[in-house]
Amino acid sequence: MVDAPPLGSETRPAYIIPRGDIMVVGGTYLEGDTTAFVTGEEKRTIKNNAKVLFPKLSESENYINTWVGFRPARGLGIRTDITMIEVGNAGESLPLFHKYVRHFIC
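Sequence positions are assigned chain by chain, starting from 1 and proceeding in written order. With the structure being a predicted model, the display of local features is reserved for residues of pLDDT at least 70 and the display and counting of side-chain atom pairs for 80 or more, all residues being used for whole-chain, interface and lining totals. Side-chain measures here rest on the full set of heavy atoms in the structure, leaving out hydrogens and waters.

**Student:** Looking at this structure, how should I read empty space enclosed by the protein?
**Tutor:** It is the rolling of a water-molecule-sized probe over the atoms that shows where space remains empty. Here a cavity means grid points, on a 1 Å grid over the protein atoms only, where a 1.4 Å probe fits yet cannot get out; a pocket means an open set of points with protein on both sides within 12 Å along at least five of seven lines; lining residues are those with an atom within 4 Å of a point. Grid points are joined across faces, edges and corners, and a volume is the space filled by probe spheres set on the points. Inspection of every chain in the model, using the stated rule, returns one cavity of 30 Å³ or more. One number sums up the size of the largest cavity: a volume of about 50 Å³. Along its surface, the largest cavity is lined by Arg12, Pro13, Gly26, Gly27, Thr28, Glu42, Thr45, Ile46 and Asn49. For the lining of the largest cavity, the element with the most residues is helix α1 (residues 40-53), which contributes four residues. Runs of E in the DSSP output that reach at least two residues are strands. Runs of H or I that reach at least four are helices, and both are numbered from the N terminus.

**Student:** What is the right way to read the pattern of salt bridges from this model?
**Tutor:** Between side chains of opposite charge, a pair can form when the charged atoms approach closely. Take a side-chain nitrogen of Lys or Arg and a carboxyl oxygen of Asp or Glu: if they are within 4 Å of each other, that pair is a salt bridge. Taken as a whole and assessed by the stated rule, the structure comprises one salt bridge. Across the salt bridge formed by glutamate 42 and arginine 12, the nearest N and O atoms sit 3.6 Å from each other. Separated by 30 residues along the polypeptide, glutamate 42 in helix α1 and arginine 12 in the segment before β1 (15-19) bring together distant segments of the chain.

**Student:** Is there a simple way to explain the side chain of asparagine 49 in this structure?
**Tutor:** Checked against the element boundaries, asparagine 49 lands in helix α1. Any two residues whose heavy atoms approach within 4.5 Å are treated as being in contact. Residue contacts for asparagine 49: discarding those within four places in its chain leaves Leu7 and Ala14.

**Student:** Looking at this structure, how should I read the side chain of glutamate 42?
**Tutor:** Remark: exposure states derive from per-residue accessible area (1.4 Å probe, protein chains only) relative to the maximum for the residue type, with buried under 20%, exposed over 50%, and partly exposed in between. The exposure class of glutamate 42 is buried, given its relative accessible area of 13%. Among the polar contacts made by the side chain of glutamate 42, one reaches the main-chain amide nitrogen of threonine 39 at a distance of 2.9 Å. If we skip the residues at most four places from it in the chain, glutamate 42 touches Arg12, Thr28, Leu30 and Phe37. Definition of a polar contact: a pair of N or O atoms within 3.5 Å, with one able to donate and the other able to accept a hydrogen when the atoms are protein atoms, and with sequence-neighbouring residues admitted only if both atoms are side-chain atoms.

Spelled out as structure tokens, the structure:
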């Protein structure tokens, strides 16, 4: 993955992930963007970056699919939650503790 110029940036990293006999290339993560399709500019940028990172891709134009995935986002740091869950048939409940950490690399 490259998330620095000239190929990538913090919100538009360039990456290639081998998945069996295909390669997943990408991508973007744009906070607050609700566009439900991959734009023409994004397609061109992703294809061009992928060809630089993995030149053999330029020999084949077999692009299978594009997609957009919306994911929840939160700030840096640790977030904790507690959910009470029922245990058994006696109406007893126990706390289930959740810990979410957003990781980052300096």
